[in-house]
Amino acid sequence: MNRKKALLLSFAFLFLIPYSILSMTKAEAENYYLQIYLLKENEVYWETKVNKNDTFYHEYIHSVELSPVREYYFIVEQYSLVAQESWTKSFGAGLPTEKKREIEFKDGFMVIRDERPIEYINMQSSHLFPHYLYVGKEQVELSSQYLSGKPFRIRVLLK
């Protein structure tokens, strides 16, 4: 009787080990990408692999104030986004100005911290002013002739 139990346990382990290896391989194969997705064209314009805890930002010239603005984002668990802070040299249309936010002055900028989860970033750039996305060592020109005037979404996606 003990021999039958041992044999059954052996068979159980033989089936569990390959299953465990396949499960780990699948989890390791999951990759997350930060994408620029063209909404009307229904296509990915650009993407790069990202990890949890990565930070990225975009920088542009404000069309009314004509001053630089940087907006920082953080990638958190389940690869969702957190809007982290805005850097601006002036206040104007579309820029955060509420007193309830923490403000610090750094390198000539007002740094406004406002950590809030977001699903994605929708935007539309113009070729009239420089606008760039910075991810690690990569730089993407959002104000390029190709992207100018087109609505697009910056998102994190599992592939």
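All values derive from a computational prediction rather than experimental measurement.

Rules used throughout
- Counting from 1, residues in each chain are numbered in the order their sequence is written.
- Per-residue local features of the predicted model are confined to residues with pLDDT of at least 70, and side-chain atom pairs are confined, for both listing and counting, to 80 or more; whole-chain, interface and lining totals are unaffected and use all residues.
- For the side-chain quantities, the full set of heavy atoms in the structure was used; hydrogens and water were omitted.
- The way it works is that DSSP assigns letters per residue, a run of H or I at least four long becomes a helix, a run of E at least two long becomes a strand, and they are numbered from the N terminus.
- Two residues form a contact once any of their heavy atoms are found within 4.5 Å.
- Here a strand pair is declared whenever DSSP counts at least two bridges between the two strands.
- Here the axes come from fitting lines to C-alpha atoms, over the contacting stretch only for helices, and the angles between their N-to-C directions go from 0 to 180 degrees.
- Note on definitions: salt bridges are taken to be side-chain nitrogens of Lys or Arg within 4 Å of carboxyl oxygens of Asp or Glu.
- Note on exposure labels: buried denotes an accessible area under 20% of the residue type's maximum, exposed denotes more than 50%, and partly exposed covers the range between, all computed with a 1.4 Å probe on protein chains only.
- We define a polar contact as two N or O atoms separated by no more than 3.5 Å, with the added condition that, inside protein, one atom must be a possible hydrogen donor and the other a possible acceptor, whereas residues neighbouring each other in sequence contribute only through side-chain atom pairs.

**Student:** With reference to specific residues and values, describe the overall build of the chain.
**Tutor:** Helix and strand counts for the chain stand at one helix and 11 strands. Secondary structure elements of the chain occur, N-terminal to C-terminal, as α-β-β-β-β-β-β-β-β-β-β-β. At a minimum sequence separation of 6, the contacts of the chain that also span at least 24 residues come to 52%.

**Student:** Please provide a residue-by-residue account of the sheet that holds strand 5 (residues 81-88), values included.
**Tutor:** Two pairing modes exist for strands in a sheet, parallel and antiparallel, and in both the strands are linked by backbone hydrogen bonds. Taking strand neighbours across the sheet as the criterion, the seven strands line up as 6-7-5-4-3-9-10 in an open arrangement whose pairing is antiparallel. The open sheet terminates on both sides in strands that have one partner only, identified here as strand 6 (102-106) and strand 10 (138-141). Each adjacent strand pair in this sheet contributes to an overall mean axis angle of 20°, direction not counted. Relative to strand 9 (residues 131-135), strand 3 (residues 55-61) runs antiparallel, the two being bridged by five bridges. When the sheet's bridge partners are listed, Tyr60 is paired in strand 9 with His131.

**Student:** I'd like a rundown of the pattern of salt bridges, residues and numbers included.
**Tutor:** Taken as a whole and judged by the stated rule, the model has seven salt bridges. The residue Glu59 makes a salt bridge to Arg70 at a minimum N-O spacing of 2.5 Å. One end of the pair, Glu59, is in strand 3; the other, Arg70, is in strand 4 (residues 68-75), with 11 residues separating them in the sequence. Residue Arg116 pairs with Asp114 through a salt bridge whose shortest N-O separation is 3.0 Å. Shared partners join several salt bridges into a network, and the residues in it are Glu85, Glu104 and Arg113.

**Student:** Any chance you could break down the side chain of His131 for me, citing the residues and the numbers?
**Tutor:** One can find His131 in strand 9. By relative accessible area, which is 9% here, His131 ends up buried. A polar contact is formed between the side chain of His131 and the side chain of His58, at a distance of 2.9 Å. Apart from the residues lying within four places of it in its own chain, the contact partners of His131 are His58, Glu59, Tyr60, Met123, Ser125, Val140, Glu141, Leu142 and Ser143.

**Student:** Can you explain the sheet that holds strand 2 (residues 43-50)? Please cite residues and give values.
**Tutor:** Pairing in this open sheet of four strands is antiparallel, and the strands run 2-1-11-8 from one edge to the other. Each end of this open sheet is capped by a strand with a single partner; those strands are strand 2 and strand 8 (121-124). Mean inter-strand twist for the sheet, computed between neighbouring axes without regard to direction, equals 25°.

**Student:** I'd love a proper account of the pairing of strand 11 (residues 151-158), names of residues and values included.
**Tutor:** Of all the eight residues making up strand 11, six are buried; the element is thus mostly covered by neighbouring parts of the structure. In the sheet, strand 8 pairs with strand 11 via four bridges, with the strands oriented antiparallel. Directly across from Ile121, in strand 11, lies its bridge partner Ile154.

**Student:** Hey, could you go over unusual backbone geometry for me, with residue numbers and the actual values?
**Tutor:** Located in the positive-phi region is Gln78, a residue other than glycine, with phi close to 60°. Counting through the fold element by element, Gln78 comes out in the loop between strand 4 and strand 5. Taking relative accessible area as the criterion, Gln78 reaches 67% and is therefore assigned exposed. With a phi angle near 50°, Asp107 is a residue other than glycine that sits in the positive phi range. Mapped onto the elements of the fold, Asp107 is located in the loop between strand 6 and strand 7 (109-118).

**Student:** Lay out the environment of Arg153 with the relevant residues and their values.
**Tutor:** Inspection of the secondary structure puts Arg153 in strand 11. Judged by relative accessible area, Arg153 falls into the buried class, the value being 19%. Excluding residues that lie within four positions of it along the chain, Arg153 makes contacts with Gln35, Ile36, Tyr37, Leu39, Tyr120, Ile121 and Asn122. At 2.9 Å, the side chain of Arg153 forms a polar contact with the side chain of Asn122.

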